[in-house]
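Notes for the structure review
Residue strings, one per chain:
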Amino acid sequence: MDRAVRDIRNMMQGLSDEEILALLDSLESDDEKESPTELQRQRIKRNVLAHLPDKPTNSESSKDKSIGKGRRSLKVKILVIAAAVVLLVLAGSFTPTGRQILAEIREKLYFIPGLGEVIENQGTEVYVLGEPIELGPEGSRVLITSIIKQGRSLQIGMSGDGYEAPVVTIEDKKGTVYESSHSWSGVGYGWTATYLYEIPDDLLEFSIVISGSRIAQAKLVRARGFEDYAELGPTVYKNGLGLTVIASRGDYSVRLNIIEHAKSGRKVKLYGYYDRDAKRHTYIRITDDKGIIYPLDEYQWPSANVSAYSFTPDPDIDEYTVTIPQVQLSYKIDKKVTIPIPAEGKTVEIAKALDINGFELKLLKAERAGNTLRLYVDTGYSSKRAENISVLHLALPYGSYSYSYNYNENVTVDRYDLEIRPGDKKVTITFTELVTSLKGPWEFEISVK
């Protein structure tokens, strides 16, 4: 691939999905399988040139020019790239090599089996593990949930029984061993871990060695790229959140992966809700056309991804409706506030409002009870809003100190109990995570033939 083609490809990757789709719609010939005729070439050329912006007329005011300048600049940028791609097309890009270049430009999203998530193209081919690998009997099981390779970078996602994630190395056919450069895990019975490696570009088959003894053979396949979420599966947008469901039928069950449309700083924490005791409840309804409800199967890996589910279908039914009534969202935040500490048994009014990601959190008052500071808050819950604060998690200035919180009847936090030092007159807390409840519903029609 020469430099001009690389430059075009890099510029295309900087556009939004909508811009790329609009651009490519104007470029593709009527028959994608055949080289364009001269008439088709001219049509492609006209489709781009017809959208070139005219020069502003003398009747435009300076204000109109100022307002339209940004829009015209973006349009010119897109059309300059379009013109470059037209030259590529007219120069013979509808040869097999040209089609491959165009396909690689268009393929921006990759679904990762096992992980249940979608990643974006980073300018290199993406290879993945086709399906999870399970090792060992119950009580000492290990599940290799996903493997993702982009260039020389390799990431392995695993979970298993026990209290501690194992040491994992990679070994090629020549006996060369690659150690993980970094890993992290969830602590507690039922661990999860992610391992990162740097390996040769062409290494696609290798052994995974776990704790020096267990060995799994991995063979990576090229991931299929998608232009948009709708091509992955049924897609629904509701209240600012897009979700896609991927369904596949196994021997005895239907596997569901719920794909959250990525947004920086935000993640779906739970497809369901938390009750007043802060216990989590998955809330996904599966029904057929007769209204029969199919419960979710109990998942055997408690520490695995929250977006992977399955259910046992009726062997004679292929069409189902999947409904997600509500979700819990998590936002990364960093908001510090200093709270005065009153004398023992006393209360101090605070009457301060904080802007947290567009939500207003009112700090009402602080009450001292021994070494506990009770901080009363008001999240401004409204049943008319689609999204409300559920809780804000926080960090205290001393790592060993703890806190708890209380939910009201709306299942939104109304009080924090903070551990404090006896002699302190104030305490600075940092809100680190905002958890909200977002109403749906998101309803998907799936086929599992």
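Up top is the structure these notes are about.
Described below are features of the structure shown in this document. Numbering of residues begins from 1 in every chain and follows the order in which that chain's sequence is written. The predicted origin of the model limits local features to residues at a pLDDT of at least 70 and limits the giving and counting of side-chain atom pairs to 80 or more, whereas totals for whole chains, interfaces and linings rest on all residues. Calculated side-chain values reflect all of the structure's heavy atoms, with hydrogen atoms and water omitted.

Two strands pair under a simple rule: DSSP has to find at least two bridges between them. Put simply, DSSP H or I for four residues or longer makes a helix, DSSP E for two residues or longer makes a strand, and each gets a number counted from the N terminus. As judged from the 7 bridges shared by strand β24 (residues 359-369) and strand β25 (residues 372-378), these two strands associate in the antiparallel manner. Its bridge partner lying in β25, Lys365 is registered against Tyr376. Between β24 and β25, which pair antiparallel and follow one another directly, the connecting turn spans 2 residues, one of which, Gly370, has a positive phi of 65°. Both β25 and strand β28 (residues 413-419) contribute to a ladder of 5 bridges, which runs antiparallel.

What follows concerns the environment of Ala216. With respect to the secondary-structure elements, Ala216 resides in strand β12 (residues 214-222). Along the sequence, Ala216 and Ile170 sit 46 residues apart, while their C-alpha atoms lie 9.8 Å from each other. Every residue in contact with Ala216, bar those within four places of it in the chain, is listed here: Ile133, Leu135, Ile144, Phe206, Ser207 and Ile208. Throughout, a contact is declared for two residues whenever any of their heavy atoms are within 4.5 Å.

Take the pairing of strand β6 (residues 153-160) next. Relative accessible area decides the class of each residue, using a 1.4 Å probe on protein chains only: under 20% of the type maximum gives buried, over 50% gives exposed, and in between gives partly exposed. Here β6 lies mainly inside the structure; 6 of its 8 residues are buried. Pairing analysis gives 8 bridges linking strand β5 (residues 142-150) to β6, with the strands arranged antiparallel. Paired with Ile147 across the strands is Ile156, a residue of β6. Connecting β5 to the next strand, β6, in antiparallel fashion are 2 residues, including Gly151 with a positive phi near 65°. Of the pairings in the sheet, the one linking β6 to strand β10 (residues 191-198) comprises 8 bridges and is antiparallel in character. Residue pairing in the sheet places Gln155 in a bridge with Leu196 of β10.

Through backbone hydrogen bonds, the strands of a sheet pair up, either in parallel or in antiparallel fashion. In space, the 5 strands of this open sheet follow the order β23-β24-β25-β28-β27, with antiparallel pairing throughout. Every interior strand has two partners, whereas the edge strands, β23 (347-356) and β27 (403-407), have only one. This sheet shows a mean twist of 20° between the axes of neighbouring strands, independent of strand direction. Fitting a line to C-alpha atoms yields each axis, with helices limited to the stretch in contact; the angle taken between N-to-C directions then spans 0 to 180 degrees.

Of all hydrophobic cores here, the largest spans 57 residues; its most connected members are Ile339, Tyr416, Ile429 and Phe431. Leave out the neighbours within four places in its chain, and Ile429 touches Lys335, Lys336, Val337, Ile339, Leu375, Leu394, Ala395, Leu396 and Leu418. Nine residue types can take part in a nonpolar core, namely buried Ala, Val, Leu, Ile, Met, Phe, Trp, Tyr and Cys, and a core is a set of them joined through side-chain atoms within 4.5 Å. Core analysis: the next-biggest nonpolar cluster, separate from the first, contains 25 residues, Ile144, Ile170, Ala218 and Leu220 among them.

Stacked, edge-to-face and tilted are the three classes for Phe, Tyr and Trp ring pairs, Trp counted by its six-membered ring, which pair at centre distances within 6.5 Å; planes under 30 degrees apart are stacked, over 60 edge-to-face, the rest tilted. All told, the structure shown has 9 aromatic pairs when counted by the stated rule. An angle of 55° between the planes, with centres 5.2 Å apart, marks the rings of Tyr398 and Tyr401 as tilted. Using a relative accessible area of 22% as the deciding quantity, one classes Tyr401 as partly exposed. What links up through ring pairs into an aromatic cluster is the set Tyr403, Tyr405, Tyr407, Tyr416 and Phe431. Whether a charge sits over a ring comes down to the Lys NZ or Arg CZ being within 6 Å of the ring centre and within 35 degrees of the ring normal. Here the basic side chain of Lys365 rests over the ring of Tyr376, its NZ or CZ set 5.0 Å away from the ring centre.

That is the geometry; function is a separate question.
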